[in-house]
Amino acid sequence: MTKCTVQFKIYRYDPDKDEAPYMQDISVELEASDKKLLDALIRLRAKDDSMSFRRSCREGVCGSDAMNINGKNGLACLTDVDSIEQPITLRPLPGLPVIRDLIVDMTQFFKQYHSIKPYLVNNDTPPERERLQSPEDREELNGLYECILCACCSTSCPSFWWNPDKFVGPAGLLAAYRFLADTRDQDTNARLDNLEDPYRLFRCHSIMNCVDVCPKGLNPTRAIGKIKDMMVRRAV
Amino acid sequence: MNVAKRTFDAVIVGAGGAGLRAALQLSESGLKTAVLTKVFPTRSHTVAAQGGVAASLGNSTEDNWHWHMYDTVKGSDWLGDQDAIEFMCKKANEVVVELEHYGMPFDRTDNGKIYQRPFGGHSMNYGQAPVMRSCAAADRTGHAMLHALYQRNVRANTQFFVEWMALDLIRDADGDVLGVTAMEMETGEVSIFHAKATIFATGGAGRIYYSSTNAFINTGDGVGMAARAGIPLEDMEFWQFHPTGVAGAGVLITEGVRGEGGILRNSSGERFMERYAPNLKDLASRDVVSRAMTTEINEGRGAGPDKDHVLLDITHLSPDTIMKRLPGIREIAIQFAGVDPIKAPIPVVPTCHYQMGGIPTNYKGQVVVPKDGNSNSPVAGFYAAGECACASVHGANRLGTNSLLDLLVFGKSAGETVVEDFKSGQLKLKPLPADAADVSLARLARLDGQANGESVFDVGLEMRRTMQKHAGVFRFDNLLKEGVQKIGEVAERAKRTQIADKSKVWNVARMEALELDNLIEVARATMVSAEARKESRGAHVRDDAPDTAENPNGRDDENWLKHTLWYSEGNRLDYKAVNLKPLSDDVEPIALATRTY
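Below, the structure is looked at part by part. This one's a predicted model, so the numbers in the text were calculated from it and none came from an experiment.

Calculation notes
- Residues numbered from 1 in each chain as written.
- Chains lettered and ligands numbered in written order.
- Predicted model: local features only at pLDDT ≥ 70, side-chain atom pairs only at ≥ 80, totals over all residues.
- Heavy atoms only, no water.
- Pairing = 2+ DSSP bridges.
- Helix = DSSP H or I, 4+ residues; strand = E, 2+ residues; numbered from the N terminus.
- Contact = heavy atoms within 4.5 Å.
- Axes fitted to C-alpha atoms, helices over the stretch in contact; angles between N-to-C directions.
- Buried area = accessible area lost by both parts, 1.4 Å probe.
- Salt bridge = Lys/Arg side-chain N within 4 Å of Asp/Glu carboxyl O.
- Nonpolar A, V, L, I, M, F, W, Y, C, P; charged D, E, K, R; others polar.
- Phe/Tyr/Trp six-rings, centres within 6.5 Å; stacked < 30°, edge-to-face > 60°.
- Buried < 20%, exposed > 50% of the residue type's maximum accessible area, 1.4 Å probe, protein only.
- Lys NZ or Arg CZ within 6 Å of the ring centre and 35° of its normal.
- Expected span 1.5 Å × (residues − 1).
- Parallel < 35°, antiparallel > 145°, perpendicular 65-115°, else oblique.
- Left-handed = near helix turned anticlockwise from the far one by under 90°.
- Core = buried A, V, L, I, M, F, W, Y, C linked by side-chain atoms within 4.5 Å.
- Arc of directions from axis to C-beta.

1. Description of the sheet that holds strand 22 (residues 572-577) of chain B
Residues and elements named next belong to chain B. Reading across the sheet, the three strands line up as 10-21-22 and stay open at both edges, with antiparallel pairing between neighbours. Two strands bound the open sheet, and with one partner strand each, they are strand 10 (233-234) and strand 22. Across the face of the sheet, helix 15 (residues 508-532) comes into contact with strand 10, strand 21 (562-567) and strand 22 while running at roughly 135° to strand 21.

2. Re the interface of chain A and chain B
On the chain B side, the residues contacting the 59 residues of chain A number 67 residues. Roughly 5,000 Å² is buried in total at the junction of chain A and chain B, and carbon and sulfur atoms are behind 52% of that figure. There are eight salt bridges connecting chain A and chain B. Salt-bridge contacts for R138(A) lead to D107(B); the nearest nitrogen and oxygen are separated by 3.3 Å. In terms of residue count, the dominant contributor to the side of chain A that touches chain B is helix 1 (residues 37-47) of chain A (five residues). Its residues assigned to classes, the side of chain A that touches chain B comprises 29 nonpolar, eight polar and 22 charged.

3. A short note on the packing of aromatic side chains
Evaluated as defined, the whole model comprises 17 aromatic pairs over all chains. On the basis of an interplanar angle of 85° and a centroid distance of 5.4 Å, the ring pair of W164(B) and F193(B) is categorised as edge-to-face. Taken together, the residues W164(B) in strand 7 (residues 164-171) and F193(B) in strand 9 (residues 190-200) connect sequence positions 29 residues apart. A relative accessible area of 6% places W164(B) in the buried class. Owing to a relative accessible area of 0%, F193(B) belongs among the buried residues under this scheme. Aromatic pair W560(B) and Y575(B): ring centres 5.5 Å apart, planes at 75°, arrangement edge-to-face. Taken as a pair, W560(B) in helix 16 (residues 557-560) and Y575(B) in strand 22 lie far apart in primary sequence, 15 residues in all. Each member of the aromatic cluster is reached from another via a ring pair, and the members are F109(A), F110(A), F40(B), Y150(B) and F160(B). Residue placement shows K36(A) over the ring face of F336(B); its charged tip is 5.0 Å from the ring centre. Taking NZ or CZ as reference, R207(B) lies 4.2 Å from the ring centre of F216(B), over its face.

4. What to know about helix 5 (residues 169-180) of chain A
The end-to-end C-alpha distance of helix 5 of chain A, which contains 12 residues, comes to 16 Å, matching closely the 16 Å that a straight helix rising 1.5 Å per residue would cover. Buried residues dominate helix 5 of chain A, accounting for 12 of its 12 residues.

5. Side note on the packing of helix 13 (residues 456-470) of chain B against helix 15 of chain B
Residue and element names in this part refer to chain B. At their nearest, the axes of helix 13 and helix 15 sit 11 Å apart, and the two run at 20° to each other. The angle between the axes of helix 13 and helix 15 places the two elements in the roughly parallel class. Crossing geometry of helix 13 relative to helix 15 is assigned as left-handed. On helix 15, the residues that touch V456, V459, G460, M463, T466, M467 and H470 of helix 13 are E512, A513, L516, L519, I520, A523, T526 and M527. Its residues placed into classes, the contact of helix 13 with helix 15 shows 10 nonpolar, four polar and one charged.

6. Thoughts on the nonpolar core
Counting residues in hydrophobic clusters, the biggest one holds 174 residues, and the most contacted among them are F8(A) and L90(A). Take this core: its biggest share by element is 11 residues, from helix 3 (residues 82-102) of chain B. Grouped together as the second largest cluster of nonpolar side chains are 61 residues, L36(B), V367(B), A494(B) and A530(B) included.

7. Description of helix 1 of chain A
Turning to helix 1 of chain A, its buried residues are L37(A), L38(A), A40(A), L41(A), L44(A) and R45(A). Take helix 1 of chain A and look down its axis: the buried residues cluster within an arc of 155°, on one side only. Those residues of helix 1 of chain A that are buried lie in contact with strand 1 (4-12), strand 2 (22-30), strand 3 (66-69) and strand 5 (88-91) of chain A together with helix 15 of chain B.

8. Things to note about unusual backbone geometry
In this structure, the amide linkage connecting Q86(A) to the following residue, P87(A), adopts the cis form with an omega of -5°. On the secondary structure map, P87(A) appears in the loop between strand 4 (72-75) and strand 5. Residue S392(B) is reached from A391(B) by a cis peptide bond, and omega for that bond is -5°. Along the chain, S392(B) falls in the loop between strand 18 (389-390) and helix 11 (402-423). A positive phi angle, close to 45°, is found at D101(A), a residue other than glycine.

9. A few points about the pattern of salt bridges
All told, the structure shown has 76 salt bridges over all chains when counted by the stated rule. R129(A) is paired through a salt bridge with E130(A); the nearest N and O atoms lie 3.1 Å apart. Relative accessible area serves as the criterion here: at 6%, E130(A) is assigned to the buried category. For D9(B), the salt bridge is made with K196(B), and the minimal N-O distance between the two is 3.9 Å. Remark: K196(B) occurs in strand 9 and D9(B) occurs in strand 1 (residues 4-13); sequence separation between them is 187 residues. Classification of D9(B) as buried rests on a relative accessible area of 15%.

This is a description of form; function is not addressed.
This is the structure we're talking about:
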């Protein structure tokens, strides 16, 4: 890629000075090394230092730079600039309160994550060495533990938009199943009790937007299905 | 400006591996603790560690902490302190097993134990052959570790202040540390965090270099704050260049790739490491491999149209192994190098990765400075752990997987020391000086009022280019001298940074300007310390200190077997002795020897 100009339409809102949010048309000239959307946004910041977004690792493991890119949630650092249509329309993740520009308030998202007790519960006296787990049992955690808490999934989910305070959402439920699936965890019943409610788990209607947007290729819908299976098996 | 005051038993700055491990110790002991972090904890840079954490569990090959200690001392080119190294290697099994009990999803051996893989510089029987010592969760060990530590802190009800950026260290007239000032990103408000104990776990400053594996947040905030507050910085000339950053992008490719059998090749396909390290080959220490790669490129044997990189080849591994053990690496190679490593080799170059030096501490996590004739006198109320600290276990070159171990062992140790000092009544809440917040408020006022100033972006770029050119993998006397001059000029420009954005709400421009102040301290420390050290040792190799019969590898123990201490005020240098004596009688000192692999 040689030097080229990229057109953007970006959601801007600074509560310190703006009456209301607006969409800003702006373009930036990229250097040959600017391959990802994040590179382009950083180039933009050199021009306008008020352009606000979160970023850190720039390699898709920290989960900071999730945003709505041309209508679909994704990570700026894993999106190739030349793979998406221009003008590139950027909005904050949908459904969460906006703090400023592309920065959203993730309190509700993390509240739901915390609500599922995202930690291993094992009340046996810890052995001197590691607890044993077979490679097969460990494999059950693949596709679950890799979540980076970017919130792309939960903020693309209509059920979460509608009931962010009551529905745990795909990220939280993926984490819930990560502990249910861990042979070292002893809290299965309490974990299922915690989700046995018309909203917390059962507001998932398998719309699968979460699967479609997950930048790590994870499948929260499948994990949610497995929790539902466990509920049913427990009931009979 | 109105400055709120909050009081705690302890304040921890940073919520990466070291900060979270220390926080657990304090929260579970019932101390009123605040953890300040400028990003949500799981976004800290520990998340990007890939290959593993060292512990001599011996799950797949025979192993013991004596061998680990020997490898670490040798890896450090004898600049590491042997008391701290013994402490770390002895504690390794305990902290890794604890992590497993917290729920960390380690990969498993067939008999259900923690999976371990070989790693660079780690050997059995004092250098004889590679050992399987790196405990791994696929190639996402840091991610799995950071999340497990955060989750355990959720269980322990640790109180986090998320997206709060610490600004300055507060010291009183006695030099004791009383806490920090910090700014809440969402409101721009400044608060004083007044505490009996302050633990820095703020990570490294790899962003001083142009080409870096580090996250944008790795701006050496704690190191910069400490330096501005008069604490010397130790051994800052020693920076690790990781052999395998993706060419062009800088993104890390774990050494675990070579641990699983990956091979480095030059343009003719030759496995060149056989010539440089006949014994451990591709698994020699990182400084050795990075220099070999740079030599290959400099002598015209680089790959690609511009002959500017070498190739990391795993095409001979089975796709199953790659998918199971290195799935994240495959994603990174496809995303950032445009190659599927199952089919084609990955273009790689040495890339700045890790800060061996930092805030001087002892093995208990206490910050120590020269005072009244004692070169290691603890600063009351001040502790540090992880990459921001220099214990010193890595000396002149860190072994892969020893960083995750460092942050577990010394995060825990710093936490334990604070709890002990608290219970013994040694820690007191000393009164805040009246001007406790003045330095921070003056910095913010200067930034807001600056006219005709310098762009943060431009000054930062100039700093990164200067560091890259003047203090890289190989160092040259004339370039270092010029570098000292140039970085001094950049530091002057950084005093006049100007931002257009004056909003109080989540002001990234302000944050980046404040971060640059911290980076500049680190860059100055690095250049000045490097220029002064007239020998080659570990990652610091210079043209005027070549390999001779008298000084093998250019190392000059007679004059330079000592730690550098750099003071920000006046760019002053001091030195202190390396501790060659282990902590206990369980082990003999590892005697000085020439380092070969």
